[in-house]
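Read off the chains here:
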Amino acid sequence: MASSGAAANLWVLLGLGIAGVVLAARRLRRPARPDHGAFIARLELLPPPQPPPPQAPHPLTGLCFAIADALHVSGYITSFGSLEWAKTHDTETQTSPVVSALVNGGAICVGKTVIDEMAYSIHGENKHFDTPTNPAAPDRVPGGCSSGSAVAVAGGMVDFALGIDSIGGVRIPGAYCGVLAFRPSHAVSSGGVIPVAPSLDTIGWFARDPSVLRRVGHLLLNLPYIDSRPPRQFYIADDCFELSKIPTRRLTQVVIKSVEKLFGRQVTRVNLENYLASKIPSLRNYSNGHKNGDSKFPSLLALCNAMRSLHKREFKDQHMEWVNSVKPAVDARIVSNLSEDGDLDKDGCQDARNEARKALGQLLKDDGILVIPTALGCPPKLNAKELSSESYNSQTLCLSSLASMSGCCQVSIPVGTHDKCPISVSFIARHGGDRFLLDTIQTMYATIQEQVEILAKSNVSSKQAMNEEAAEAAKEKGNASFKEKQWQKAVNFYTEAIKLNGKVATYYSNRAAAFLELTNYRQAEADCTSAIDLDPKIVKAYLRRGTAREMLGYFKEAVEDFNHALVLEPMNKTAGVAINRLKKLFP
């Protein structure tokens with residue numbers, strides 16, 4: 001009997017031990033939540049009845065949406081990401097005009113979503129409501145401040161969702177959760193919204209479908225439905241992609257291929273750091289801000305410093321009275337940031353914003369697109385060191401400061417995965433270019449995703465990938481030598497690029513330009529023919545071959561080349577002038 005009793009006790013102890021292990025494992029593992037923890041309140045705001053025929057139905061009929069809990073809904077307390085805020089504020093008596101506009105436009109509002117505490121962070125963590133689970137990468141942060149809205153869209157719970165974007169609050173969670181995220185120009189009414197930093201705040205939105213993103217934009221921004229115009233120029237900011245932790249080619253290749261397929265033209269590579277340094281002199285006032293920034297990018301860092309200073313000062317102006325009177329247990333990282341000293345030069349900051357808007361406006365004009373990474377790379381893991389790293393946060397905010405400070409519109413576009421995590425790029429258009437940007441995404445999105453799939457399925461060897469990278473580097477060296485009028489040196493670099501990757505038309509066309517300068521017309525003609533065989537729509541190759549043939553005395557063939565260039569680009573002045581010249585000389 002004694003031995004059986006001991007055995008029983010042993011089984012009891014063993015059972016308790018196993019139960020303890022199970023309970024501990026459950027505490028460590030995030031529980032599955034039906035809404036991924038995106039919502040703090042479920043509600044239902046129904047649209048008015050449809051107008052009778054022959055009137056058109058409401059533009060957002062059939063769509064449902066959610067809103068970040070910084071926007072007011074009558075009958076609900078707006079928590080602003082904090083239970084302590086909710087306890088000290090009354091129920092709202094009016095609904096935000098933006099929410100009402102969407103409901104009146106035919107969409108159903110189904111709930112309010114989690115935001116970072118007081119909408120202050122960019123990571124998506126919230127101690128009051130728990131951190132929403134990123135549907136695309138459950139062990140990673142969802143990004144903030146509009147974490148719940150991004151999660152609700154990524155999880156398929158709503159068709160679109162509203163968020164608050166001051167310093168990246170819509171764009172960053174969009175990138176981390178793998179959905180489209182749009183920050184408009186400062187053009188959406190901020191009434192009925194708790195302000196964060198009023199001069200930087202705007203309401204943005206998320207969607208999985210570019211047509212939904214565009215429909216919401218047309219309603220909120222009162223945009224006319226007119227014929228869209230294609231973008232004339234794409235600028236890839238090479239230096240911004242140097243900040244990214246993802247291989248540059250992995251991010252830019254889908255954009256380059258999509259532009260070539262849809263518009264038959266090459267992208268232009270720019271050094272944004274140098275451009276900003278030459279166009280925004282007031283950034284010198286902010287070069288000594290946060291010490292842990294990357295010194296390779298002083299202008300981008302200065303723009304980021306100016307944005308962060310403005311964000312902090314305006315946030316304190318709005319909310320420090322409440323913080324000081326209520327003394328809530330605000331997240332330590334927020335308290336630490338707000339307690340930092342430093343006076344804001346408001347006039348200097350305004351100068352920087354005006355200069356940034358003018359600089360990007362001059363670069364992009366009415367039909368240009370700037371391409372940058374949305375974030376530094378994959379979303380950080382939950383509780384990762386990067387979340388409290390000053391250097392990591394500064395570099396992330398360097399990227400978001402471009403649109404926040406200039407007032408340009410920006411859309412984050414998912415471009416597949418890296419290490420099983422969502423990655424993205426952003427398109428930026430000039431301030432006021434919202435319809436143009438939304439139309440461009442509508443036009444390009446399917447092709448971009450097609451190129452993402454092609455890239456994912458391709459089994460390009462590491463050697464080939466390295467050769468392609470090296471070829472691009474050689475081409476860039478050739479371009480630099482060409483600008484310095486070192487023609488033979490340029491030829492040598494272009495030849496190196498062709499040896500590494502002989503399937504790129506631009507390499508042959510560029511080498512032909514250098515051969516023309518060296519008066520080696522036969523080689524220039526041969527290179528242009530190789531370029532045209534690879535890409536029949538490369539206008540520069542037709543122009544250069546026409547020039548070479550003219551110099552060789554093949555006038556009829558030269559005219560044919562110039563005419564072909566005009567077919568591809570009817571407004572090309574070089575081709576038109578050449579044809580008129582040849583017709584006068586050889587009627």
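Quick note: structure is the one above.
From a predicted model like this one, the values you see are computed outputs, not experimental measurements. (Residues numbered from 1 in each chain as written. Predicted model: local features only at pLDDT ≥ 70, side-chain atom pairs only at ≥ 80, totals over all residues. Heavy atoms only, no water.)

Turning next to the overall build of the protein. Along the backbone of the protein there are 21 helices and 11 strands. Counting only C-alpha atoms and orienting by the principal axes, one finds that the protein spans roughly 110 × 70 × 55 Å. The buried share of the protein, reckoned over its 587 residues, is 53%. Taking the intrachain contacts of the protein between residues at least 6 apart in sequence as the baseline, contacts between residues at least 24 apart amount to 73%. Surface summary for the protein: the accessible area is close to 26400 Å², and the carbon and sulfur share equals 53%. Measuring between centres, the 65 positive side-chain charges of the protein sit 4 Å from its 58 negative side-chain charges. (Helix = DSSP H or I, 4+ residues; strand = E, 2+ residues; numbered from the N terminus. Buried < 20%, exposed > 50% of the residue type's maximum accessible area, 1.4 Å probe, protein only. Contact = heavy atoms within 4.5 Å. Areas by Shrake-Rupley, 256 points an atom, 1.4 Å probe, with all protein chains shown as cover. Lys, Arg positive; Asp, Glu negative; His and termini not counted. Charge placed at Lys NZ, Arg CZ, Asp CG, Glu CD.)

In spatial order, the strands read E1-E3-E2-E4-E6-E5-E10-E11-E9-E7-E8; together these 11 strands make up an open sheet with mixed pairing. Taken across any chain shown, the strands that pair with only one partner, and hence form the sheet edges, are strand E1 (39-45) and strand E8 (268-270). On average, adjacent strands in this sheet sit at an angle of 25° to one another, irrespective of strand direction. Where E1 meets strand E3 (residues 108-113), 4 bridges bridge the pair, whose relative direction is antiparallel. Pairing of Leu45 across the sheet is with Cys109, part of E3. (Pairing = 2+ DSSP bridges. Axes fitted to C-alpha atoms, helices over the stretch in contact; angles between N-to-C directions.)

With that out of the way, let us pick up the environment of Ala187. The residue Ala187 is located in the loop between strand E5 (180-183) and strand E6 (202-207) in this model. Using a relative accessible area of 46% as the deciding quantity, one classes Ala187 as partly exposed. C-alpha of Ala187 to C-alpha of Ala152: the two residues are 35 residues apart in sequence and 24 Å apart in space. Apart from the residues within four sequence positions on either side, Ala187 is in contact with Thr202 and Leu221.

This part covers the packing of aromatic side chains. If you walk through the whole model with that rule in mind, you get 8 aromatic pairs. Judged by centre distance (5.0 Å) and plane angle (70°), the rings of Phe482 and Trp487 are edge-to-face. The class of Phe482 is partly exposed, set by a relative accessible area of 25%. A network of ring pairs unites the aromatic residues Phe80, Trp85 and Trp322 as a single cluster. Just above the ring of Phe39 sits the side chain of Arg42; from NZ or CZ to the centre is 3.8 Å. (Phe/Tyr/Trp six-rings, centres within 6.5 Å; stacked < 30°, edge-to-face > 60°. Lys NZ or Arg CZ within 6 Å of the ring centre and 35° of its normal.)

Think of it this way: side chains of opposite charge can pair up when their charged atoms draw near. For the structure shown, the criterion picks out 21 salt bridges. The residue Glu472 makes a salt bridge to Lys475 at a minimum N-O spacing of 3.6 Å. Taken together, the positions of Glu472 and Lys475, both in helix H15 (residues 462-483) and 3 residues apart, correspond to about one turn of that helix. Since its relative accessible area comes to 11%, Lys475 is described here as buried. Each of Asp238, Arg269, Glu472, Lys475 and Glu476 takes part in salt bridges that share partners, so that together they form one network. (Salt bridge = Lys/Arg side-chain N within 4 Å of Asp/Glu carboxyl O.)

It is the contact of helix H17 (residues 505-517) with helix H18 (residues 521-534), at a shortest axis distance of 8 Å, that shows an interaxial angle of 165°. With respect to each other, H17 and H18 are oriented roughly antiparallel. Of the two possible hands of crossing, H17 and H18 adopt the one that is left-handed. Where H17 approaches H18, its residues Ala505, Tyr508, Ser509, Arg511, Ala512, Phe515 and Leu516 are matched on the opposing element by Tyr521, Gln523, Ala524, Asp527, Cys528, Ser530, Ala531 and Leu534. (Parallel < 35°, antiparallel > 145°, perpendicular 65-115°, else oblique. Left-handed = near helix turned anticlockwise from the far one by under 90°.)

What tends to happen in soluble globular proteins is that the nonpolar side chains get buried as a cluster. In this structure, Leu102, Phe160 and Phe427 are the most contacted members of the largest nonpolar core, which totals 81 residues. The element best represented in this core is helix H14 (residues 434-457), accounting for 9 residues. With 47 residues, the next largest nonpolar core counts Leu243, Leu283, Met405 and Cys408 among its residues. (Core = buried A, V, L, I, M, F, W, Y, C linked by side-chain atoms within 4.5 Å.)

What follows is about the pairing of strand E4 (residues 160-165). The element E4 is extensively covered by neighbouring structure, given that 6 of its 6 residues are classed as buried. Burial of E4 is two-sided: the residues Phe160, Leu162 and Ile164 facing one way and the residues Ala161, Gly163 and Asp165 facing the other way are all buried. The pairing of strand E2 (residues 64-68) with E4 spans 3 bridges and is classified as parallel. Counted as the bridge partner of Ala66 is Ala161 from E4. Examined bridge by bridge, E4 and E6 share 6 bridges and lie antiparallel to one another. By the bridge assignment for E6, Phe160 is matched with Ala207.

Taking 1.5 Å per residue, 14 residues should reach 20 Å; H18 reaches 20 Å between its end C-alpha atoms and fits that length. Along H18, the residues that are buried comprise Tyr521, Ala524, Glu525, Asp527, Cys528, Ala531 and Ile532. Along the long axis of H18, the arc covered by the buried residues comes to 165°, so they all point the same way. H18 presents Arg522 and Asp533 as exposed residues on the side facing more than 90 degrees away from its buried surface. In this structure, the buried residues of H18 make contact with H17 and helix H19 (539-552). (Expected span 1.5 Å × (residues − 1). Arc of directions from axis to C-beta.)

To continue, consider the state of the cysteines. Counted under the stated rule, the structure contains 0 disulfides. As a non-bridged cysteine, Cys421 has Cys378 as the owner of its nearest cysteine sulfur, 4.3 Å distant. Looking at Cys421, the relative accessible area reads 3%, which means it is buried. (Disulfide = S-S within 2.5 Å.)

For Glu468, the location among the structural elements is in helix H15. Residue Glu468 is classed as buried on the basis of its relative accessible area of 14%. Not counting the four nearest positions on each side in its chain, Glu468 is found in contact with Arg249, Asn501 and Tyr507.

Our next topic: the environment of Ile164. Within the fold, Ile164 resides in strand E4. For the pair Ile164 and Leu71, spaced 93 residues apart in the sequence, the C-alpha separation amounts to 8.8 Å. With sequence-adjacent residues up to four places away left out, Ile164 is seen in contact with Ala70, Leu71, Cys145, Ser146, Gly169, Val170, Val193, Val196, Thr202 and Ile203.

Moving on, we come to the side chain of Ser282. For Ser282, the position within the fold is in the loop between helix H9 (272-279) and helix H10 (298-326). Judged by relative accessible area, Ser282 falls into the buried class, the value being 9%. Side chain to side chain, Ser282 and Glu355 meet in a polar contact 2.7 Å long. (Polar contact = N/O pair within 3.5 Å; in protein donor to acceptor, adjacent residues only side chain to side chain.)

Any functional reading would require information beyond the geometric quantities listed.
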